[in-house]
Amino acid sequence: MEKFVYLFSEAKEVNAKILGCKGKNLAEMYSLGIPVPPGFIITTNACEFFFKNEEKFEKEIESQIFEAINNLEKITGKCFCSSGKTKNTEPLLVSVRSGAKVSMPGMMDTILNLGINDKAAERLLDITGKREFVQDSYLRFIQMFSDVVMKISRSDFLNILGNFKEKIKKYKDIYKNKTGKDFCEEPFEQLFEAIKAIFRSWNNPRAKIYRKTNNIPDAGGTAVTVQAMVFGNFGENSGTGVAFSRNPITGEKEIFGEYLSNAQGEDIVAGIRTPVHIKDLKNQSFSIWNKLKKTSEFLEFYFKDMQDMEFTIENGKFYMLQTRKGKRSAEAAIKIALDMVSEKLIDEEEAVKRVEPNQISSLLHPDFEKKEIEKSRLIAKGLPAAPGAAVGRVVFDTEKALEWASQGQDVILVKNETSPEDIEGMQISKGILTSCGGMTSHAAVIARGMGKCCVVGCGDIKVLKDHFETNSNKVLEGDYISVEGSTGKVYLGKIKKNHSKFSENLNKFLKLADSKRKILVLANADRASDVKKALDYGAEGIGLCRTEHMFFESERINFMREMIIAPTKSEREAALEKLLKFQINDFKEIFKEIPNKSVVIRLLDPPLHEFLPKNKKDMLKIALDLKISTEDIKELTSKLSEVNPMMGHRGCRLLISYPEIIRMQTKAIILSAIETKFSNLEIMIPLIGDVKELKFIKEIIVKTADEIISSYNFNINYKIGTMIEIPRAAIIAGKIAKEVDFFSFGTNDLTQMTFGLSRDDSQKFLKCYYENGIYNSDPFTHIDREGVGELMKIAIKLGKNANPSLKVGVCGEHGGDSESIEFFTKLGVDYISCSPFRVPAARLQGAVCEIKNLFFE
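Attention here is on the structure that accompanies the text. (Residues numbered from 1 in each chain as written. Predicted model: local features only at pLDDT ≥ 70, side-chain atom pairs only at ≥ 80, totals over all residues. Heavy atoms only, no water.)

A cluster of like positive charges, contributed by Lys 692, Lys 695, Lys 735 and Lys 738, occupies part of the molecular surface. Tracing the sequence through the fold places Lys 735 in helix H30 (residues 733–737). Given a relative accessible area of 56%, Lys 735 falls into the exposed group. (Patch = residues over 30% accessible without salt bridge, like charges linked within 9 Å, V, L, I, M, F, W, Y side chains within 5 Å. Areas by Shrake-Rupley, 256 points an atom, 1.4 Å probe, with all protein chains shown as cover. Salt bridge = Lys/Arg side-chain N within 4 Å of Asp/Glu carboxyl O. Lys, Arg positive; Asp, Glu negative; His and termini not counted. Charge placed at Lys NZ, Arg CZ, Asp CG, Glu CD. Helix = DSSP H or I, 4+ residues; strand = E, 2+ residues; numbered from the N terminus. Buried < 20%, exposed > 50% of the residue type's maximum accessible area, 1.4 Å probe, protein only.)

As summarised here, the arrangement of the 8 strands in space is S24-S25-S26-S27-S28-S29-S30-S31, forming a closed barrel in which the pairing is parallel. Averaged over all pairs of adjacent strands, the angle between their axes in this sheet comes to 25°, without regard to strand direction. Pairing analysis gives 2 bridges linking strand S24 (residues 520–524) to strand S25 (residues 542–546), with the strands arranged parallel. Across the sheet, residue Asn 524 finds its bridge partner in S25, namely Leu 544. (Pairing = 2+ DSSP bridges. Axes fitted to C-alpha atoms, helices over the stretch in contact; angles between N-to-C directions.)

This paragraph deals with helix H4 (residues 118–128). Within H4, burial applies to Ala 120, Ala 121, Leu 124 and Leu 125. Buried residues of H4, viewed axially, fall in a sector of 140°; they line one side. Along its buried surface, H4 packs onto helix H5 (131–150) and helix H6 (164–179). For H4, the side-chain oxygen to backbone nitrogen distance between the N-cap and Lys 119 is 3.2 Å, and the N-cap itself is Asn 117. Count one or two residues on from H4 and you reach Gly 129, which has phi positive near 70°. (Arc of directions from axis to C-beta. Contact = heavy atoms within 4.5 Å. Polar contact = N/O pair within 3.5 Å; in protein donor to acceptor, adjacent residues only side chain to side chain.)

This part is about empty space enclosed by the protein. Inspection of the entire model under this criterion finds 3 cavities of 30 Å³ or more. Considered as a void within the structure, the largest cavity measures approximately 50 Å³ in volume. Lining the largest cavity are Ala 100, Lys 101, Val 102, Trp 202, Ile 216, Pro 217, Ala 219, Gly 220 and Gly 221. Its residues assigned to classes, the lining of the largest cavity comprises 6 nonpolar, 2 polar and 1 charged. (1 Å grid on protein atoms, 1.4 Å probe; cavity = no way out; pocket = protein on both sides within 12 Å on 5 of 7 lines; lining within 4 Å. Points joined across faces, edges and corners; volume = space filled by probe spheres on them. Nonpolar A, V, L, I, M, F, W, Y, C, P; charged D, E, K, R; others polar.)

Moving on, we come to the side chain of Lys 22. Within the fold, Lys 22 resides in helix H1 (residues 16–31). Salt bridges are absent for the buried Lys 22, whose nearest opposite-charge side chain, Glu 310, sits at 6.7 Å. Setting aside anything within four residues of it in sequence, one finds Lys 22 in contact with Arg 97, Ser 98, Gly 99, Ala 100, Thr 225 and Gln 322.

Quick look at the state of the cysteines now. One covalent bond between the sulfur atoms of two cysteine residues makes up a disulfide. Under the definition given, this model contains 0 disulfides. The thiol sulfur of Cys 21 is not disulfide-bonded, and the nearest other cysteine sulfur, from Cys 47, lies at 16 Å. Summary of cysteine pairing: Cys 652 is not part of a disulfide, and the nearest cysteine sulfur, belonging to Cys 811, is at 15 Å. For Cys 652, a relative accessible area of 0% gives the class buried. (Disulfide = S-S within 2.5 Å.)

Every buried residue of helix H25 (residues 630–640) is accounted for by Ile 633, Leu 636, Thr 637 and Leu 640. On an axial view of H25, the arc spanned by its buried residues comes to 100°, and they lie on one face. Away from its buried face by more than 90 degrees, H25 exposes Glu 631, Glu 635 and Lys 639.

A few words on the packing of aromatic side chains. The full count for this structure, using the stated rule, is 30 aromatic pairs. The interplanar angle of 70° and the centroid separation of 4.9 Å between the aromatic rings of Phe 133 and Phe 234 together place this pair among those described as edge-to-face. Of this pair, Phe 133 sits in helix H5 while Phe 234 sits in the loop between strand S5 (222–228) and strand S6 (239–244), placing them 101 residues apart in sequence. Accessibility expressed as a relative area gives 4% for Phe 133, which makes it buried. Phe 234 sits in the buried class, given a relative accessible area of 17%. With centroids separated by 5.7 Å and ring planes inclined at 75°, the aromatic side chains of Phe 755 and Tyr 775 adopt a geometry described as edge-to-face. Linking Phe 755 in helix H31 (residues 747–755) with Tyr 775 in the loop between helix H32 (763–771) and helix H33 (788–802), this pair joins segments that are 20 residues apart in sequence. With a relative accessible area of 26%, Phe 755 lands in the partly exposed category. Here the aromatic cluster, defined as three or more aromatic residues joined through ring pairs, consists of Phe 50, Phe 51, Phe 57, Phe 66, Phe 80, Phe 188, Phe 192 and Phe 199. It is Lys 3 that lies over the ring of Tyr 6; its NZ or CZ is 5.3 Å from the centre. (Phe/Tyr/Trp six-rings, centres within 6.5 Å; stacked < 30°, edge-to-face > 60°. Lys NZ or Arg CZ within 6 Å of the ring centre and 35° of its normal.)

Here 5 strands make up an open sheet; going across it, the order is S1-S2-S5-S3-S4 and the pairing antiparallel. Sheet topology places strand S1 (5–7) and strand S4 (110–114) at the edges, where each strand pairs with a single neighbour. Between one strand axis and the next, the sheet turns by 20° as a mean value, whatever way the strands run. Of the strand pairs in this sheet, strand S3 (residues 94–100) and S5 are connected by 7 bridges, and their pairing is antiparallel. Each bridged residue has a counterpart across the sheet, and for Arg 97 the counterpart in S5 is Thr 225. Along the sheet, H1 makes contact with S1, strand S2 (39–42), S3 and S5, crossing S3 at roughly 125°. This element, helix H3 (residues 59–76), spans S1, S2, S3 and S5 of the sheet and lies at about 165° to S2.

The following block contains the structure:
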């Protein structure tokens, strides 16, 4: 008989996959003798069974839940009272909370005070004599049960007036009006409906979005934790708090958190009330503070990581309700990892795994220019919940945020407090600002996890439907504001931003990661300034220099257009000669920036029509500059246009049609290398689909290069390679490999051509694929392992067999994606190349993959 329900006392040896993160950690604390209210866990297996069984419970699962409640009654000496049971026993009320195997804070549902009904409320009032406490607990339960189980908005219960019994009746009337039935009085019925609702919350929209954003699998479901209630709302000698064992913003080794007296946990997490700093608890009760401090230190030592803890004080007695690995800012993640190595809590390999690559990227976000801040109008100040700087137009709801962001506009989401339903809006916003809540509120925790700039608890602002007000300002929806997450300051209008620099800790951490990494991390850079930035970010070379970008600059675009409209080869060569000096200078500047590392230069790739003007005004200007008619320009543009240009006259096809381009570019590359004495040169041919194409272009490169090298009597051991971006090239990679020194997978085009998807147009319909479970993610973001990945695997195997010294790299956008890097490491790729900004994160991910020893089985 499968066990679906575990008491805390019998669950220590069961893994988190079965118990969920929350349940597993509660069982661990319970077994360690930490004061944890007793309870039990309904497993993730029960959740999966529930969904497979048309959302119904088997009798065996129900039986195990009844037995667990019976055991809980014995442990607590309380009664899970139905309306007909004796009045002589204190009622047992429970919390019912979700708990997936990977922590998803706030994404699923919770119900507190379950088990209360009219009879239980009367008994509690008799025992405690605390009318406010009983009323608060009962009303909270009706509201939460109505919301979670019946989907009645909590806002329907606002501003209800009356005495104790009148309020209860009015709450129940709202429930009946919305559902057509009386409010549920039977505790076991309440319990089973709550468990079902929390199982269902695994598939609510915000949970799905969170899993997608954080690459958490949809399979598995959630466990449910049922735990005897302890009451932080019992009076002034009671309270609730959230504490971190280290500062989640800075990483400092100090208890950080917040506390509310006479409150329940949701008040802090949901940002309903703004709490006080955790250190204020020390003044209220030193003994409670001391227990929290010692528990915090012990749990951090036991779990070997910074802990995020929830606790409650009931009538002066301390209880732990939860501990989990704490979410932290990027700055804090790095400091904590390095400090824990120094403290010998963890080793270097574990430290490298403790920081997420996207956290590294978030550290490189800009901050505001000081001179600009001095000229700007400060309109409000709140709590600095997540560092960074954000500028955007004010929006007040997720729908508007999504709408405006889809139009390319930067937005700041402004709310009284965020809720889990705002997860998608938070994700696409540049920053978040709330008037309520504290440093451990939903907005603060989620923003830190996302690396988003966030200011919370900004009491200086009053948020209304279409604007917010400060003492002297009215800010409308659509107005620009600038938010500084590191100080909590909010400014009116736009403020210019600085590019951030590496901190000492970041440099130290990335050097530690580099020491564990084998795969090389190069950068895509087209100009000397890009190369400098890439080297500053730790790139070990340039894996892709796209020469076409050099032709788009204003002083040279006309020469390119001259070449395009030239009717004869000699006239094309004359135009190209004008471009030659620019190309030589561009390459010289690049080589000077990177004298001791390799540079891969790709020959011209895009179709020629991209260099021609698109509107009448530009056509007229070009016609005047080139002394031809606008009709000639229109005719040429029409002649060069293609139905599907990305699969048309571009790349090697263009070079074969106009070999003079090959000669000019090769000449520029070799001459600039000779002038700068640069010898780590690699020339790459784009869009090869047949080995004969490669041979044709390679012959011209070699002939041109060798003639120049011979005449200058300066030896350059240049290499020639090709991009593998057409499926056919992957299939015949063995033949191609015999002719080249390296392969570089252009995964953008390889994905496009393998799927038959346009990367420019597919976003219009891919959302339907995600919603219907056809695709789990965008194939242009995360490499498709089954199709594109299999082609890569074939190409590498064939290529290495034909040419054992063949070097293999990736230069598409996937080269900077952490999930894709993991796959490339498995493939045995020698290097990845990505945009300069993504280099630091790629350095870390390469190290993590090496530590995990990822190989094909």
